[in-house]
Structures are given as structure tokens and as C-alpha cells.
Amino acid sequence: MAKNMTLLWGSGSPPCWRVMIALEEKKLQGYNSRLLSFDKEEIKSQEVFNINPRGQVPSFKHGDVIVNESYAACFYLESQFKSQGTKLIPESTEEQALMYQRMFEGLTFYDKLTAVIFYEYYVPEGERLASAVKRHKEALSAELKLWEGYLHKTGSGSNLAGKHFTLADVVIFPTVATLFRFGLSEKRYPRLGEYYALLRERPSIKASWPPHWLENTKGQDTLTDV
Ligand SMILES: N[C@@H](CCC(=O)N[C@@H](CS)C(=O)NCC(=O)O)C(=O)O
């Protein structure tokens, strides 16, 4: 039981989901889990600022140790609980190198996704341009083709860095799930579809599935034309 850990999180936030998957994989259930709404009052509350000066989630605390950046929290949990639960950094040189490579490419992947799905949130009404949305969708489509190629190379039924489930899957699966939640076509991106179908059944992922996605199974159609 991880009673000395606190996670402030928001439903459907890929950065929060990363930390939740890592906690599940490392058998750290029982932490103090605080689901916040994205309303200003909750996300910009003193409770969040006490842990995270950026006023963002995830906000994560282990005893007196604070690690808020989602990638940092995942690395931290793996290194502090190496021999507990799933080993999330593989032994083999090749798999380890591929895991690091994919993890950090995953940040670009996530940026390209959010540029499209959060366009209206990021850009004030009077400054929005259809040409910018088109350009962001083209950039996302080029990015998706790269990931289709990566999954083609590692082979059917595989994780992102090879045969083992690693930190690369912990941090990138939430991006992939968000793509499909926002209407990405499994037909057009079959390898990503296969990867999504495989991992969505994993216990750590099922246990941390965004609650509002469970309540309302219908997502958006923002990405149907990507
Ligand atoms: N780089 C951070 C990003 C965290 C982040 O963007 N959190 C969003 C939710 S997905 C947030 O709290 N947004 C509210 C805000 O910035 O006001 C991480 O990976 O932990």
C-alpha cells in the first residue's frame, strides 16, 4: 500500500494517466488519489499549488519528495521500486535504447496531437485560422505515419520497444488512447489500432481508465479526417 503517496489528477489527462499506469505497474495501489475537475477553482487551487508551482496536474508527492513532471514521476517510480511489480526498463541494450528513443519522441507525438485537439483551447477565438488547423492536422498525419512504421518494424502484438512492456508504453499509450477517443480511424492506422486494442486490456491500463470515458463512451470526431 502506498499511503505516503499523493496524486492530484484530472480525468482524461494523458500526463496524469502516465503516472497512474506506472503506479499500477509498480503495485503502488492505495495511494491518496485526488481526482480534480479542470475548473479553474480546482486546478488552480492552493492544494495544487502546494505541490506544483505550475498549477497543473499531475501533482505528485511521495513522503516529502515532490515529482510533478509526468515523465520524471514515471522514471522516479521505476528507480525507487525497481524490484517491485513490473520491471519497466528492459535489460537488453537494444530494447533499452529503443525505449528511450520512443519515450522522448513521444513528447513530439503528444505535442502534435494537442495542437489539433486543443486548438480552440490554446488559440483565442479571434485568432483562429482554418489554414492553421489544416497544417496541424497534416503534421499529425505525418507523425502518425512514423508511428505506424515503428509498430510495423517491431511486429504484430508487440509493445513499443519490443517484446516487453516498458516505460515507453507507460508514457505513450495515453496519447494513443486519446487519438482514438477523438475519432482516429483504426482502418487508416491499423498498427496503432492493433496496439491500442492489445494494451487497453492490460490490467494497469484498465484500472486507470479515465472515469469520464467510462461514463460517456462516445468520444469526439475531431480526428476522423486525419
Ligand atoms: N509537462 C507536464 C504537462 C502537464 C499538463 O499539461 N497538465 C495539464 C493537464 S493535461 C494541466 O494541468 N493543465 C491545466 C493548466 O495548465 O492550467 C507533464 O507531463 O506532467
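Predicted model only: the values in this text are computed from it and were never measured. Throughout, a residue's number is its position along its own chain's written sequence, starting from 1. Predicted model: local features are reported for residues with pLDDT of at least 70 only, side-chain atom pairs are reported and counted for 80 or more only, and whole-chain, interface and lining totals are derived from all residues. Values shown for side chains rest on all heavy atoms present in the structure; no hydrogens or waters enter the calculation.

Trainee: It is not clear to me how the pattern of salt bridges should be interpreted in this structure. Could you clarify?
Mentor: Where side chains of opposite charge bring their charged atoms close, a pairing between them can arise. One speaks of a salt bridge when a side-chain nitrogen belonging to Lys or Arg is within 4 Å of a carboxyl oxygen belonging to Asp or Glu. According to the stated counting rule, one finds nine salt bridges in the structure shown. The residue Glu-78 makes a salt bridge to Lys-26 at a minimum N-O spacing of 2.7 Å. Taken together, the residues span a long stretch of sequence, with Glu-78 in helix H4 (residues 70-80) and Lys-26 in the loop between helix H1 (14-25) and strand E2 (32-36) at a distance of 52 residues. This pair shows no difference in class: Glu-78 is buried, exactly as Lys-26 is. Between Asp-225 and Lys-137 there is a salt bridge, and its shortest N-O distance comes to 3.0 Å. Taken together, the residues Asp-225 in the segment after helix H11 (211-215) and Lys-137 in helix H7 (residues 130-154) connect sequence positions 88 residues apart. Exposure remark for Lys-137: the relative accessible area of 18% places this residue in the buried category. Secondary structure follows DSSP: runs of H or I at least 4 residues long count as helices, runs of E at least 2 residues long count as strands, and numbering of each begins at the N terminus. Exposure classes here rest on a 1.4 Å probe applied to the protein chains alone. A residue is buried below 20% of its type maximum, exposed above 50%, and partly exposed in between.

Trainee: Any chance you could explain a nonpolar patch on the surface here in plain terms?
Mentor: Residues enter patches when their relative accessible area tops 30% and they take part in no salt bridge; the joining distance is 9 Å for like charges and 5 Å for the nonpolar side chains Val, Leu, Ile, Met, Phe, Trp and Tyr. To measure how exposed things are, a 1.4 Å probe is used in the Shrake-Rupley method; for residues, cover is taken only from the protein chains shown. A grouping of Tyr-100, Phe-104 and Leu-107 is seen on the molecular surface, where their side chains present a nonpolar patch of about 260 Å² in accessible area. Take Tyr-100: it is sitting in helix H5 (residues 93-117).

Trainee: Hey, could you run me through H4 in this one?
Mentor: Residues Ser-70, Tyr-71, Ala-73, Cys-74, Tyr-76, Leu-77 and Glu-78 constitute the buried set of H4. Those residues of H4 hidden inside the fold are in contact with strand E1 (5-10), H1, strand E3 (59-62), strand E4 (65-66), H5 and helix H8 (167-181). The contact rule is simple, with two residues in contact once any of their heavy atoms fall within 4.5 Å.

Trainee: Even after reading the chapter, I still don't get the side chain of Ser-208, so can you show me in this structure?
Mentor: Checked against the element boundaries, Ser-208 lands in the loop between helix H10 (203-207) and H11. Exposure remark for Ser-208: the relative accessible area of 3% places this residue in the buried category. Throughout this description, a polar contact denotes any pair of N or O atoms lying within 3.5 Å of each other; where both atoms belong to protein, one of them has to be capable of donating a hydrogen while the other can accept it, and for residues adjacent in sequence the pair is counted only when both atoms sit in side chains. Of the polar contacts made by the side chain of Ser-208, one reaches the backbone oxygen of Ser-204; its length is 2.7 Å. Discounting chain neighbours no more than four positions away, the residues touching Ser-208 are Trp-17, Met-20 and Ile-21.

Trainee: What is the right way to read the UniProt feature "domain: GST N-terminal" (unreviewed entry) in the protein chain from this model?
Mentor: UniProt positions are given in the numbering used here, feature names are shortened, and annotations may be inferred rather than shown by experiment. Following the UniProt record, the feature "domain: GST N-terminal" (unreviewed entry) maps to residues 3-85 here. Structurally, residues 3-85 is divided into 37% helix and 20% strand, and its ends, taken at the C-alpha atoms, are 17 Å apart.

Trainee: Just to check I follow, could you spell out the site of the ligand for this structure?
Mentor: Close contacts around the ligand come from Ser-13, Pro-15, Arg-18, Phe-38, Lys-44, Gln-56, Val-57, Pro-58, Asn-68, Glu-69 and Ser-70, and that covers them all. Interatomic distance of 2.7 Å between a side-chain N/O atom of Lys-44 and an oxygen atom of the ligand. In this structure, an oxygen atom belonging to the ligand sits 2.6 Å away from a side-chain N or O atom of Ser-70. For the ligand, the accessible surface in isolation is 520 Å², of which the surrounding protein chains cover 74%. Comparing atom positions with the cavity grids shows the ligand to sit within the largest pocket. Charged residues are taken to be Asp, Glu, Lys and Arg, nonpolar residues to be Ala, Val, Leu, Ile, Met, Phe, Trp, Tyr, Cys and Pro, and polar residues to be all remaining types, Gly included. Across the shell around the ligand, the residue classes tally to four nonpolar, four polar and three charged. We call a residue near a molecule or strand as soon as one heavy atom of that residue lies within 4 Å of the molecule or strand. Here the term cavity refers to a set of points on a 1 Å grid, laid over the protein atoms alone, in which a 1.4 Å probe fits but cannot get out; the term pocket refers to an open set having protein on both sides within 12 Å along at least five of seven lines, with lining residues being those that place an atom within 4 Å of a point. In this description, a molecule resides in a pocket or cavity if more than half of its atoms sit within 2 Å of the grid points defining it.

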